[in-house]
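Each chain, written out:
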Amino acid sequence: MAKPQFTQLIKMVIVVASLNAGAARAEGLFDFLTPPQAETLVPMETILEAARAVVPGQVVEIELERKWRMWVYEVEVLPKSGGRKMELIFDAQTGALLSRRRD
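Conventions adopted
- Residues numbered from 1 in each chain as written.
- Predicted model: local features only at pLDDT ≥ 70, side-chain atom pairs only at ≥ 80, totals over all residues.
- Heavy atoms only, no water.
- Phe/Tyr/Trp six-rings, centres within 6.5 Å; stacked < 30°, edge-to-face > 60°.
- Lys NZ or Arg CZ within 6 Å of the ring centre and 35° of its normal.
- Pairing = 2+ DSSP bridges.
- Helix = DSSP H or I, 4+ residues; strand = E, 2+ residues; numbered from the N terminus.
- Core = buried A, V, L, I, M, F, W, Y, C linked by side-chain atoms within 4.5 Å.
- Buried < 20%, exposed > 50% of the residue type's maximum accessible area, 1.4 Å probe, protein only.
- Contact = heavy atoms within 4.5 Å.

A. The packing of aromatic side chains, seen in detail. All told, the structure shown has zero aromatic pairs when counted by the stated rule. Here Lys 67 stacks its cationic end above the ring of Trp 68, 5.7 Å away from the centre of that ring.

As structure tokens, then:
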């Protein structure tokens, strides 16, 4: 039978190991609190030009936000041809159009 001190030591090692494992899984959990460095982002002006090329009209809103574990620009455009507002989502680091839908 194990001595009480040895048993306590084993329990402590298990607790510390599980804390380290939990910390490893939590890595990146709060990335949304840290905005990306400006030099890694496509300039907003470039995104505005791309949005107008996709949907000619008036840009009414543009936001930089974290979505799908990445930074994106969300752009809302009122089409020149009329109709409902369009929402365009661009990758903030590459400028690629990821999604477009009528709002």
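There is more to say, and it comes next.
B. Looking closely at the pairing of strand S4 (residues 97-102). When strand S3 (residues 86-91) meets S4, the two strands line up antiparallel, connected through five bridges. Looking across to S4, one finds that Ile 89 is bridged to Ser 99. Following S3, the chain reverses through five residues before pairing antiparallel with S4; Gly 95 in that reversal takes a positive phi of roughly 85°.

C. The arrangement of the nonpolar core in detail. Ranked by internal contacts, the top residues of the largest apolar core, which has 15 residues, are Ile 47, Ala 51, Tyr 73, Val 75, Val 77, Leu 88 and Phe 90. Secondary structure elements with two or more residues in this core: helix H2 (44-54), strand S2 (70-79) and S3. Tallying contributions element by element places S2 first for this core, with four residues. With residues near it in sequence (within four places) discarded, Ile 47 still touches Val 42, Ile 62, Tyr 73, Val 75, Phe 90 and Gly 95.

D. A look at the pairing of S2. With eight of its ten residues buried, S2 lies for the most part within the structure. Counting the residues between successive antiparallel strands, the hairpin from strand S1 (residues 57-67) to S2 contains two residues, one of them, Trp 68, with a positive phi of roughly 55°. Relative to S3, S2 runs antiparallel, the two sharing six bridges. By the bridge assignment, Val 75 is partnered in S3 with Leu 88. Counting the residues in the hairpin turn of S2 and S3 gives six residues, including Gly 82, whose phi is positive at 95°.

E. Expanded view of the side chain of Glu 76. Within the secondary structure, Glu 76 is located in strand S2. Relative accessible area serves as the criterion here: at 11%, Glu 76 is assigned to the buried category. Residues in contact with Glu 76, not counting those within four places in the same chain, are Gln 58, Val 59, Val 60, Glu 61, Lys 85, Met 86, Glu 87 and Asp 103.

F. Representation of the environment of Ala 50 in the model. Turning to its location among the elements, Ala 50 is positioned in helix H2. Considering only alpha carbons, one finds Ala 50 and Leu 88, 38 residues apart in sequence, at a separation of 9.9 Å.

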